[in-house]
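Spelled out from the first residue to the last, the chains are:
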Amino acid sequence: TENVRGDDVFVFQPTCNNGTDLNVNQAVMELLLLIHTLKLASVRRVIAVIPHYGYARQDRKHASRVPISASAVAKMITEMGAAGVVTVDLHCAQIQGFFHACPVADLNPSIEFAEYAKSKNFDDLENVVVVAPDAGAVNRARTLGDKIGANRIVTILKRRVEANRVESMQLVGDVKGCTCIIVDDMIDTGGTLVKAAEVLKQHGAKEVHAWATHGILTDPACERISKCDALKEVVVTDSMPQDINLSKCPKLKIISIAKLLAEAIYRLHNEESMEHVRETQARDTNMMVDDFDDDEWKNFPK
């Protein structure tokens, strides 16, 4: 074992199923015990790095006699002694308020998707439309549109009858002859996504892509996506393990958020602002996180 007394320690633990031998509850418990162990080892600070925050959708009471699980998990993390939390694209930004006296850095991965968009070399940005799959995703769609240079945003209004089941969809905006990019924070069973892609195609969309931060992809999501002729490609980040899903879904593409998390850790350790992570240069260094090679990472501050 290594002596960590007086150090800043960053614990990486996405609270999700890893696809093999770890479920969400076990991941949460591992995180709590790791934080507790490090506090007993007299570290200076423990920062929980949680790329995907489990139970995020249970952020309010939607029926009688149900828990607000997002709040309960936050209370457990803070009670164990976490000095801060780093996460990516929370399902609801207000979840940060559940972490009392524990600062939360909710990182925006739109810069990673913007870089991916550049690699796609879309022929005509005037005909690229960013699609918000519901009213709550409009700000996310607008942010991505600004970064990739797409000026047109359309919205899909949906009537959800129960979790993961949508009764009807209505498109607000014109997509005829356009390349559409559906943006959301997560893809679960894929039912809503497939239906949205079909609606866009019915309204004359040239191509339909889907970009989401968290690829939960609960069965039968991969099967639905693979069989959906309307969807050309689905892009998610590596906030969750995707090895099994990649083997099941040829349309799936993974982009990395490693640089986003790396710069966040660098800034936290050096007490720098978290306002523009991955958008501006670190204040006390002449190198961006992108420029570190393998040897330099070995000397990265503990």
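How each quantity is defined
Residues numbered from 1 in each chain as written. Predicted model: local features only at pLDDT ≥ 70, side-chain atom pairs only at ≥ 80, totals over all residues. Heavy atoms only, no water. Helix = DSSP H or I, 4+ residues; strand = E, 2+ residues; numbered from the N terminus. Buried < 20%, exposed > 50% of the residue type's maximum accessible area, 1.4 Å probe, protein only. Areas by Shrake-Rupley, 256 points an atom, 1.4 Å probe, with all protein chains shown as cover. Pairing = 2+ DSSP bridges. Right-handed = clockwise from strand over helix to strand, strands pointing away. pLDDT = per-residue confidence, 0-100. Contact = heavy atoms within 4.5 Å. Salt bridge = Lys/Arg side-chain N within 4 Å of Asp/Glu carboxyl O. Axes fitted to C-alpha atoms, helices over the stretch in contact; angles between N-to-C directions. Parallel < 35°, antiparallel > 145°, perpendicular 65-115°, else oblique. Left-handed = near helix turned anticlockwise from the far one by under 90°. Nonpolar A, V, L, I, M, F, W, Y, C, P; charged D, E, K, R; others polar. Phe/Tyr/Trp six-rings, centres within 6.5 Å; stacked < 30°, edge-to-face > 60°.

K.L.:
Looking at this structure, I do not really get the overall build of the chain. What am I missing?
P.N.:
Counting its regular elements, the chain contains nine helices and eleven strands. Relative to its full complement of 302 residues, the chain shows a buried share of 49%. Total accessible area on the chain is roughly 15,400 Å²; 48% of this is exposed by carbon and sulfur atoms.

K.L.:
Just checking my understanding: could you explain the pairing of strand β9 (residues 207–215) for this structure?
P.N.:
Regular strands place their side chains on alternate faces of the sheet. Within β9, nine of the nine residues are buried, leaving the element largely enclosed by the surrounding structure. As defined by bridge partners, strand β8 (residues 179–187) adjoins β9 across eight bridges and the pair is classed as parallel. Residue C180 lies in a different strand from β9, and its bridge partner there is V208. Once you follow β8 into helix α5 (residues 191–202) and on to β9, the crossover reads as right-handed. Pairing of β9 with strand β10 (residues 233–237) involves four bridges; the strand directions are parallel. Within the sheet, the bridge partner assigned to W211 lies in β10 and is V235. Once the chain exits β9 it traverses helix α6 (residues 221–227) before rejoining the sheet at β10, and the crossover so formed is right-handed.

K.L.:
Got a minute to help me understand the confidence of the model for the chain in this structure?
P.N.:
The predicted coordinates should not be examined in detail at positions where pLDDT is low. Summary statistics for the chain give a mean pLDDT of 88 and a share of 89% for residues scoring 70 or more. Predicted confidence for residues 281–292 stays below pLDDT 50, and this span has 26 contacts to residues more than four positions away or in other chains. Low pLDDT, under 50, characterises residues 296–302; the predicted model gives this stretch 13 contacts beyond four residues in sequence or across chains.

K.L.:
So what exactly am I meant to see when it comes to the environment of A210 here?
P.N.:
Along the polypeptide, A210 turns up in strand β9. The class for A210 is buried, based on a relative accessible area of 1%. On a C-alpha basis, the gap between A210 and V235 in space is 6.1 Å, while along the polypeptide they are 25 residues apart.

K.L.:
How should the pattern of salt bridges be read in this particular structure?
P.N.:
Side-chain pairs of opposite charge can arise where the charged atoms are in close proximity. Taken as a whole, this structure holds twelve salt bridges when the rule is applied. Among the ionic pairs, D8 bridges to R45, the shortest N-O distance being 2.8 Å. Of this pair, D8 sits in strand β1 (residues 8–12) while R45 sits in strand β2 (residues 45–50), and the two are 37 residues apart along the sequence. Given a relative accessible area of 17%, R45 falls into the buried group. Here E223 makes a salt bridge to K227, at a shortest N to O gap of 2.8 Å. One end of the pair, E223, and the other, K227, are both in helix α6, four residues apart, so they sit about a helical turn from each other.

K.L.:
Sorry, what's going on with the packing of helix α3 (residues 110–120) against helix α4 (residues 138–148) here?
P.N.:
When two helices pack together, their arrangement is given by the angle between their axes and by how far apart the axes lie. In the contact formed by α3 and α4, the axes pass within 9 Å of each other and the chain directions differ by 45°. One element, α3, and the other, α4, form an angle in the oblique class. Between α3 and α4 lies a crossing whose hand is right-handed. Contacts between α3 and α4 involve S110, I111, F113, A114 and A117 on the former and, on the latter, T143, L144, K147 and I148. Per-class residue counts for the contact of α3 with α4 are six nonpolar, two polar and one charged.

K.L.:
Would you take a moment to explain the packing of aromatic side chains for this structure?
P.N.:
Each pair of aromatic rings is reported with the distance of its centres and the angle of its planes. Enumeration according to the criterion identifies three aromatic pairs in this entry. Note on F113 and W211: the rings are 5.9 Å apart at their centroids and 15° apart in plane angle, and the pair reads as stacked. With F113 in helix α3 and W211 in strand β9, the pair connects residues that are 98 residues apart, well separated along the chain. For the pair F113 and W211, a shared accessibility class is recorded, and that class is buried. Ring centres 5.7 Å apart and planes at 75° place the aromatic pair Y116 and W211 in the edge-to-face group. With Y116 in helix α3 and W211 in strand β9, this residue pair connects regions lying 95 residues apart in the sequence. The class of Y116 is buried, set by a relative accessible area of 11%. W211 sits in the buried class, given a relative accessible area of 2%. Ring pairing ties together the aromatic residues F113, Y116 and W211, which thus form one cluster.

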